[in-house]
Every structure is written in C-alpha cells, then in structure tokens.
Protein chains: 2
Amino acid sequence: MADTADQTTRIGLIGPGIMGEPMGRNLIRAGFPLTVYARRPEAARTLAAAGASTAATPAELAAQVDILITMVSDTPDVEAVLLGPHGVTEGGRPGLLVIDMSTISPVATRDMATKLAEKGIRMLDAPVSGGDVGAQNGTLTIMVGGDQADFDFALPVFQAMGQTITLIGDHGAGQVVKACNNLIIAQTVIAVSEAFEMAKAAGVDLGKAREALMGGFAGSRVMEIHARRMIDNNYTPGFKARLHNKDLQIVARTLDAFDLKLHGSRLAIGYMQKLVDQGDGELDSAALARIVQQSAHLR
Amino acid sequence: MADTADQTTRIGLIGPGIMGEPMGRNLIRAGFPLTVYARRPEAARTLAAAGASTAATPAELAAQVDILITMVSDTPDVEAVLLGPHGVTEGGRPGLLVIDMSTISPVATRDMATKLAEKGIRMLDAPVSGGDVGAQNGTLTIMVGGDQADFDFALPVFQAMGQTITLIGDHGAGQVVKACNNLIIAQTVIAVSEAFEMAKAAGVDLGKAREALMGGFAGSRVMEIHARRMIDNNYTPGFKARLHNKDLQIVARTLDAFDLKLHGSRLAIGYMQKLVDQGDGELDSAALARIVQQSAHLR
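Note that the structure is a prediction, hence the values are computed from the model and not measured.

Trainee: Requested: an account of the overall build of chain A, with residues and values cited.
Mentor: Scanning chain A for helices and strands turns up 15 helices and nine strands. Computed over C-alpha atoms, the radius of gyration of chain A comes to 20 Å, within 12% of the 19 Å expected from 2.2 N^0.38 for 299 residues, which places it in the range of a compact globule. Expressed as lengths along the three principal axes of its C-alpha atoms, the size of chain A is roughly 65 × 40 × 35 Å. Within chain A, buried positions represent 57% of all 299 residues. Counting only contacts in chain A whose residues sit at least 6 apart along the sequence, the fraction spanning at least 24 positions is 66%. Carbon and sulfur atoms make up 50% of the accessible area of chain A, which amounts to about 11000 Å² in all. Chain A carries 27 positive and 32 negative side-chain charges, and their two centres are separated by 5 Å.

Structure follows, in structure tokens:
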C-alpha cells in the first residue's frame, strides 16, 4: 500500500446519516471508490445512486476496503460496529485503517484502539466540527488522534471532507479536543446570552450590541452565528441541543474520570441537560439562552 | 457650530494616561486643536510637547472647548471632574459636548447626562475596547450612548481614535455594551482555560488543541490572544486583572440594580476578585486561568 491514500485506496463508510452521507458524497466526488454499510439499508440508497457499492455487514465491508470510516451516534454504536458480532474485527485484515469520525468518549477510544491493534488493525479518532453545512461543503474542522504515519496516509481522504485538519496527539486526542470544542461553545453561548439579558434589562438593542461586540475582544464564532439565533429567537438547527447534550455528557464523564472540578463547565452541562429535559432537544443548542433567561428571573 | 466636527472644533481632554495620551496624540495628528487637563500636571507634558495646550482646572478647560473628552479611572472620578468643584459644569457653556470614554457605571452615566442637560451641556458615553495598543494605533472599538445628532457631530473625532464605532442607543447604552464586552471576555477566558485543564489532564498538547479549535465554532478573539498567554504562562498585560476586576464590579452592581441572576457571570466576577485578592492584579486578566487551575484540583 502507498504511503499516501490515492484514488486506488478503497474506502468504506459506516453510517451514511446527516453528516456521513454528504461526507461520502465528497469522497466519491474526489474519486475514491466507496462502499457503504447502513444499519437500515435504505439509508445507503442515495450514496449507492451516486456510485457507491454497499455491504451487508460491517465485517463484509471491512474485508473489502483499505480505510474504513465510522460516523455513527455514540460510544456504544462505535463499539458495536467495530467489536460486536459481524463487526469490523471479524472481517478486517491486518493493515486496515479504521477512522472513527463520530464524537464519542476519549477513554473508550483509547481502549478500542488497543483492541484493534491486537488484530493488526490501525485506528485514528477524527471527530469533526462544522455541522451538516460543513459536511456538505467539505469544510469540516477535523481533529485527529493517532499515529503520524496513519495520519499522513489518510490526509488526502480528510482533505476531501474538511479544511482545518490537525493531528493533535495520540489515540483519543482528537476526541479530547472535540470535547473541548463542545464545552467552549456551550459556555460561550451562556456568556453571550447572559450579557444579552443584562443589555435587554437596560433597554439596549441587541442587534446594535452584537454589532459593536463583534469588533472587539468579545468577538467569536458564537457571537457571529449563535447570537444571531438568540436575537431572532429562531432556533432552527444547526446543531441540535439533544446531540450537544450527548457530547456534554461525554465531557461530564471525562471530567469525572480525571476528577476535575470545572465550575463553568458543570454549569453548561447542567443547563444543556435542563434544555433537553424541558423538551427542547430538537432545537439548535443556542436555545441554551432560554435556560439563561429562565434562571435570570427565578426568585 | 457645524453639524460635524472639523479642524476648527476645539477639543479638550481630561486624563492623559495610558489610554488618554495616545488617544490625544491621534487627535493632534488628525489636526484637531487640543487642550489637556491632568490632575498631576506632569502627566500632560508629553501631549504639550506634541502641540497641545494645557488648562489648570476642568472648569477652565471646559470654557475653552467645543468637545470635552474624559478618560479617567472610575465612576467617582468622572463625577468629580464633571460635577465637582472647579468641574466641567462650572466652566462649560450651553452647547458643550462632553464625551466620557472611561468605563464606568451605566446607571451613574444616565444620572450625569441628566444633570449636564440641566446646564445645556450635552453628553455621550463612549467607552472603548482594544487596550493601549488599540489606542496607539487608532483602532479602538468605540461603543456610544446618547443622541444621534451628537454622535454625528462627534464622528470625525471618534474616527481619529477608533475603527468600529457604533451608536448603540440612549445615554448609558455604550457603558452597558462595554459591560457586556468585559463580562463575555471573562467568561470566555474561563471556558477556554477549563477546556485546557481537561486537555492537559488527558495529556493533550495545548498548542495543537488551540490550533484545531481556532478553525471551528469555538474560535474567538480570546482563543487567539488570551489562550496564547495561558499556554505560554506569560501574563504580561495587556489588560490588567485589577482593571478588569473594576469593570466586573460595575457589572455586579448593574446586575443587582436589575435583579438579574446570571450564574456564569457571577462565577466570572468571583474568580476575577479572587485573582486580584491573591495579589495578581497587575497581571493580564487572562491569568484568570490560574484561578480555574486552583479550583479544578481543590478537594
């Protein structure tokens, strides 16, 4: 196999969902031969129509490809397709490179990398930021953990899907930085919406406030994107609160594992859970502003 | 007087300090005739050498100018130079425009604007963001509260000192947005440093993490500037914690005035006070990361 993936590198994709499908489409567009596995076979239809082959099980898929990408919902889903019955370890030959692009537990990621290594299967964790729009436009931010040689090999594949592509460190490091990403976003959303509560109470126009704040040190992507949603009270996702909450639960378990007391983070984790608990899980996670608004006026 | 300030518009400046002096220098450079008052006369020397006149009291200064800029430390200082003995109201004729560019209480600002109006003196609040570097380069962000006509009149003066110049709303609105600015920055610093604590605990290189996070929705000016300081453990100011703390105390009183319960904000206000209390007030306020680090490992 070449040092760097090229258009003879066969790619497998498990999980052609709202993110996986446009990512698969960009791989086909870049000229990579693609084979897809979906738990519900009808989910693979659009990519099949675009030129992908399909496989009946993860094991069967793994036997046919050089790189196998997983893009599924949560830690147990990745564990099932990699290590479960008819899973990747049953079909994959030594030398196969698994790239998990789902957002899951950093700790579990390290364990899986070890188990795959026992079968000679290599692994990168490569979670993404940028949402479905980033997936469609091939502009995802990709945060990678694993070996340099595997990263170098996979780089052309990443470049077909993303823009800012960084090897952070060893197995799990990509997931750690994705956890940082989700945590910082949630806290910045709280910071902006709390400031907006103060501005509203003082009778200040939020659109003007945002405009002024954008130019200074309070400027951020959250001020650019999420603050707009707060001002318009329009929480069409975007990134659903339900999924952001799932990611923050991973953060919560990671903080527990390291015995870290991070009070701003715990506040954000609690607020997001509250938002989902009150039935707003399908809204964009900027709706965290609603929990801030409720808390601001509690007696 | 013309509808818009021009090079015949006489400008007064009270407070030629670390911010006021370079702002005054930019006014001279733009061709405005400048007169300066400093509590300690030697503080006016550099601007005098650059061509400014000096006045012996705020009242004397007010009698000579069309626009009078105040750039002093805190609410009581502004009250003293405007309303105190030998203050601006003693010398200023009706039609004088006072522009307070200090960062002070929004509530007190409204009161002062009312008192000045009784003497026919107009007022804008116009606090700035961007620090001494922004003041030197004439790239300050200026957040303005007051009347549209006064804003329009003063615009060429603002343009000599700043870049993003926004009329937010009525008297005090500039100070409200400046309070928002300081609050969001402090909370974003906490968000980033908490995420960094998690990353460190997981053995992840912070430089790499920052690089990856910059490209996504967690990207911010704080990630650009303050995160660099945290990684280098170099808290040369920048914006001193002592001054950021003063500004957050204004926020605290504003939240009290509106009876708002903002938990992320209270955390940030408390952490900044702690940082100053432990003797780190002269450091850049990104040193808030130190309080996060201490809290993270408390038993």
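After that view, the rundown keeps rolling.
Trainee: Account for the packing of aromatic side chains, naming residues and giving values.
Mentor: Residue and element names in this part refer to chain A. Per the counting criterion, the structure on display carries two aromatic pairs over all chains. Geometrically, the ring pair formed by Phe-151 and Phe-158 is tilted, given 6.2 Å between the ring centres and 35° between the ring planes. Relative accessible area serves as the criterion here: at 8%, Phe-151 is assigned to the buried category. In this structure, Arg-122 is placed above the aromatic ring of Phe-153, and the distance from its NZ or CZ to the ring centre is 5.8 Å.

Trainee: Describe the interface of chain A and chain B, naming the residues involved and giving the relevant values.
Mentor: Quoted interface sizes are often the accessible area lost when the parts come together. Taken together, the contact pairs 67 residues of chain A with 66 residues of chain B. Across the chain A to chain B interface the summed buried area is about 5400 Å²; carbon plus sulfur atoms make up 70%. If you sort the residues of chain A by the area they bury against chain B, A:Ile184, A:Met198 and A:Phe217 come out on top, with a joint share of 15%. Put simply, chain A and chain B have zero salt bridges between them. Put simply, chain A and chain B have 16 residue pairs in polar contact (both at pLDDT 80 or more) between them. In terms of residues, the side of chain A that touches chain B owes the most to one element, helix α9 (residues 173-201) of chain A, which gives 20 residues.

Trainee: Let's hear about the relation of the copies chain A and chain B: which residues, and what values?
Mentor: Mapping chain A onto chain B is achieved by rotating through 180° and translating by 0.0 Å along the same axis, at an RMSD of 0.1 Å. Taken together, these values place the two copies in the relation of a two-fold axis. Distance from the rotation axis, computed per C-alpha, reaches its smallest value in chain A at A:Ser220: 1.9 Å. When the interface residues of chain A are mapped onto chain B, 99% of them again fall at the interface, so both copies present the same face.

Trainee: Any details on the nonpolar core? Residues and values, ideally.
Mentor: Within soluble globular proteins, side chains that are nonpolar generally end up buried alongside one another. Judged by nonpolar contacts, the single largest core of 98 residues is most densely connected at A:Val204 and B:Val204. Once residues within four sequence positions are removed from consideration, B:Val204 is found in contact with A:Ile168, A:Ala173, A:Val176, A:Val177, B:Ala199 and B:Ala209.

Trainee: Can you explain unusual backbone geometry? Please cite residues and give values.
Mentor: Peptide bonds are mostly trans, and most non-glycine residues show a negative phi. All names here are of chain A. The omega angle of the peptide bond from Pro-237 to Gly-238 is 5°, so this bond is cis rather than trans. Summarising the element assignment, Gly-238 is placed in the loop between α12 (226-232) and α13 (241-258). Notably, His-86 is not glycine yet its phi reads approximately 60°, a positive angle. Structurally, the position occupied by His-86 is in the loop between α4 (75-83) and α5 (88-91).

Trainee: Go over the side chain of B:Asn245, please, and point to the residues and values.
Mentor: Residues and elements named next belong to chain B. Note that Asn-245 resides in helix α13 (residues 241-258). Residue classification places Asn-245 among the buried positions, given a relative accessible area of 7%. The contact partners of Asn-245, leaving out residues within four places of it in the chain, are Ile-269, Met-272, Gln-273 and Val-276.

Trainee: Break down the domain arrangement of chain A for me, with residues and values.
Mentor: All names here are of chain A. Taken as a whole, chain A is organised into domain 1 (11-170) and domain 2 (177-296). Put simply, the middle of domain 1 and the middle of domain 2, counted by C-alpha atoms, are 29 Å apart. With eleven residues of domain 1 at the interface, the matching set in domain 2 holds eight residues. Summed over both sides, the interface between domain 1 and domain 2 buries roughly 880 Å², with carbon and sulfur atoms accounting for 65% of that surface. Counting the surface domain 1 buries against domain 2, the share from its top three residues, Thr-103, Pro-106 and Met-143, is 41%.

Trainee: Report on empty space enclosed by the protein, specifying residues and quantitative values.
Mentor: Left-over empty space is what a probe sized like a water molecule reveals as it rolls over the atoms. Tallied over the full model, the rule gives three cavities of 30 Å³ or more. If you add up the space inside the largest cavity, you get close to 70 Å³. What lines the largest cavity is A:Gln187, A:Ile190, A:Gly264, A:Leu267, B:Gln187, B:Ile190, B:Gly264 and B:Leu267. Going through the elements one at a time, α9 and α14 (263-280) of chain A together with α9 (173-201) and α14 (263-280) of chain B are the ones with two or more residues in the lining of the largest cavity. If you add up the space inside the second largest cavity, you get close to 40 Å³. As for the second largest cavity, its lining consists of A:Thr103, A:Ile104, A:Gln175, A:Lys178, A:Ala179, A:Asn182, A:Asp247, A:Ile250 and A:Val251. When contributions to the lining of the second largest cavity are tallied by element, the ones reaching two or more residues are α9 and α13 of chain A. If one sorts the elements of the lining of the second largest cavity by residue count, α9(A) sits on top with four residues. Of the residues assigned to the lining of the second largest cavity, the class counts are four nonpolar, three polar and two charged.

About the cut-offs
Residues numbered from 1 in each chain as written. Chains lettered and ligands numbered in written order. Predicted model: local features only at pLDDT ≥ 70, side-chain atom pairs only at ≥ 80, totals over all residues. Heavy atoms only, no water. Helix = DSSP H or I, 4+ residues; strand = E, 2+ residues; numbered from the N terminus. Rg over C-alpha atoms; globule rule 2.2 N^0.38 Å. Buried < 20%, exposed > 50% of the residue type's maximum accessible area, 1.4 Å probe, protein only. Contact = heavy atoms within 4.5 Å. Areas by Shrake-Rupley, 256 points an atom, 1.4 Å probe, with all protein chains shown as cover. Lys, Arg positive; Asp, Glu negative; His and termini not counted. Charge placed at Lys NZ, Arg CZ, Asp CG, Glu CD. Phe/Tyr/Trp six-rings, centres within 6.5 Å; stacked < 30°, edge-to-face > 60°. Lys NZ or Arg CZ within 6 Å of the ring centre and 35° of its normal. Buried area = accessible area lost by both parts, 1.4 Å probe. Salt bridge = Lys/Arg side-chain N within 4 Å of Asp/Glu carboxyl O. Polar contact = N/O pair within 3.5 Å; in protein donor to acceptor, adjacent residues only side chain to side chain. Least-squares fit on C-alpha atoms with pLDDT ≥ 70 in both. Core = buried A, V, L, I, M, F, W, Y, C linked by side-chain atoms within 4.5 Å. Domains from an automatic or database assignment. 1 Å grid on protein atoms, 1.4 Å probe; cavity = no way out; pocket = protein on both sides within 12 Å on 5 of 7 lines; lining within 4 Å. Points joined across faces, edges and corners; volume = space filled by probe spheres on them. Nonpolar A, V, L, I, M, F, W, Y, C, P; charged D, E, K, R; others polar.

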